[in-house]
Amino acid sequence: MFESLDAFRAHCGEPTMPLEQCPICSAIPERSYGDRSEAPAAGFEQLRNIGEDELRQCPTCRRVYLYVETHYGNDIYTGNDSRWQLERHAVDVVWGLEWGVTRRLPARDVTRVSEAFFPNHALVRLGTNAWFALDTSNRLVTLDTSGAIDKLIDADPPHDVSGDLETAKRYAVQLAAIAPSNDERLDYFEYLRFVEGEWTPEQRQTIEAARAATGLVPMTNPVGWLDMRPSAERSGTDVRVRLWVRRGKSLVRRDVTVRPDGHLVRDDVVIASDLPLR
Ligand SMILES: [Zn+2]
């Protein structure tokens, strides 16, 4: 059932009636979770397992659910504690979630699956740092150059990624994580790994100058820190996302313009270089 999206769709089928009309599904929340002491909503017991233990289906309307139990603790059989999560999803969504992707690529070391930005591709990390686009027939295309990423955007234009600021931010951050480089995105200035031990007066001065050059106002909590988390603002139909990255011994301010077609325009400015970094 995991060979292709068509096969998976055929396996799961489609809802046969509106949600409100199904007596089972209308009683189950779209998303619910709990621990051992709480049971899922009434109606859960009637869902059927359809080939995979965690993949459940309503016998009345064919809607699908993922029911995932997580055991943790020291007892190797049952764990000392457990939690469950029950989510109703469209078939295509299940297909693109990490749950689906790990089953579509059983022989691969899937370590991360991005939010579903593209209609016909999942962005998948294999091993420690190699990103791929996985199509609906489970073919992998490596995303090892920015040209490869541009090609993907042209071939399978992403869903509306500039419609709201939060989506644009997550999209820019995700693509920055894929872009092949040694750049390391920073959330706080304080996350820069400076040399250990007592700083020389010159080192201290370099660091203070870099802090000042960011133009950022120190935070009150944690006091004095510089907030470098992604920020976004609208610019016509585009969204401008600001990120901060470390590149070698330099601190770089990166403005990423997210265009409505999903393409990104990057503008890097080196704010400080030769920092005393490890
Ligand atoms: Zn139902």
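All figures in this text were calculated on a predicted structure; none of them were measured in a lab.

Rules and cut-offs
- Residues numbered from 1 in each chain as written.
- Predicted model: local features only at pLDDT ≥ 70, side-chain atom pairs only at ≥ 80, totals over all residues.
- Helix = DSSP H or I, 4+ residues; strand = E, 2+ residues; numbered from the N terminus.
- Expected span 1.5 Å × (residues − 1).
- Buried ≥ 20, exposed ≤ 12 C-beta atoms within 10 Å, placed from the backbone.
- Pairing = 2+ DSSP bridges.
- Axes fitted to C-alpha atoms, helices over the stretch in contact; angles between N-to-C directions.
- Domains from an automatic or database assignment.
- Core = buried A, V, L, I, M, F, W, Y, C linked by C-beta atoms within 7 Å.
- Contact = placed C-beta atoms within 7 Å.

1. Regarding helix α5 (residues 165-178)
The end-to-end C-alpha separation of α5 is 20 Å, in line with the 20 Å expected for 14 residues at 1.5 Å each. Of the positions making up α5, those classed as buried are A168, K169, Y171, A172, L175 and I178.

2. What about the sheet that holds strand β6 (residues 110-113)?
If you trace the 4 strands from one edge of the open sheet to the other, you get β6-β7-β8-β9, paired in antiparallel fashion. A strand with exactly one partner marks an edge of an open sheet, and here the two such strands are β6 and β9 (140-142). Put simply, the sheet's adjacent strands are angled 35° from each other on average, direction ignored.

3. Observations concerning the pairing of strand β7 (residues 121-126)
Here β6 runs beside β7; their pairing, made up of 3 bridges, is antiparallel. Paired with V110 across the strands is L126, a residue of β7.

4. Considering the domain arrangement of the protein
The assigned domain composition of the protein is domain 1 (5-93), domain 2 (105-155) and domain 3 (165-272). For domain 1 versus domain 2, the distance between C-alpha centres works out to 27 Å.

5. Observations regarding the environment of G147
Secondary-structure assignment places G147 in helix α4 (residues 146-155). In this structure G147 comes out as exposed when scored by C-beta crowding, with 9 C-beta atoms within 10 Å. Along the primary structure G147 and V223 are separated by 76 residues, whereas in three dimensions their C-alpha atoms are 42 Å apart.

6. Here we look at the nonpolar core
Residues L143, A168, Y171, A172, V241 and V258 are the most contacted members of the largest nonpolar core, which totals 34 residues. Those elements that provide at least two residues to this core are β7, β8 (130-135), α4, α5, β12 (238-247) and β13 (250-258). Of the residues forming this core, the biggest block, 5 residues, is contributed by α5. Two domains each put at least three residues into this core: domain 2 (105-155) and domain 3 (165-272). In this view, V241 contacts A168, K169, A172, P230, A232, V256 and V258; residues no more than four positions away in its chain are not counted. The next biggest cluster of nonpolar side chains, apart from the first, holds 14 residues, and it includes C25, C58, V64 and V91.

7. Describing the sheet that holds strand β1 (residues 31-35)
With antiparallel pairing, 5 strands are arranged side by side in an open sheet as β1-β5-β4-β3-β2. Strands with a single pairing partner mark the edges of an open sheet, and in this sheet they are β1 and β2 (48-49). One ladder, built from 9 bridges, connects strand β4 (residues 64-72) with strand β5 (residues 81-89); its direction is antiparallel. Within β5, the residue paired with Y67 across the bridge is L86.

8. Remarks on the pairing of β13
Examined bridge by bridge, β12 and β13 share 9 bridges and lie antiparallel to one another. When the bridges of β13 are listed, V245 appears paired with V252. What sits between β12 and β13 in their antiparallel hairpin is a turn of 2 residues, with G248 showing a positive phi close to 60°. Connecting β13 to the antiparallel partner strand β14 (residues 264-272) that follows it, the hairpin turn spans 5 residues, and G262 within it adopts a positive phi of roughly 95°.

9. Topic: unusual backbone geometry
The linkage connecting N221 with the following residue, P222, adopts the cis geometry, with an omega of -5°. Relative to the assigned elements, P222 resides in the loop between α6 (201-213) and β11 (231-235). Backbone geometry at R62 places phi at a positive 75°, although glycine is not the residue there. By the secondary structure assignment, R62 is in the loop between β3 (55-57) and β4. Since 18 C-beta atoms lie within 10 Å of it, R62 is described here as partly exposed. At D274, a residue that is not glycine, the phi angle is positive and equals roughly 55°. Position of D274 relative to the elements: it lies in the segment after β14.

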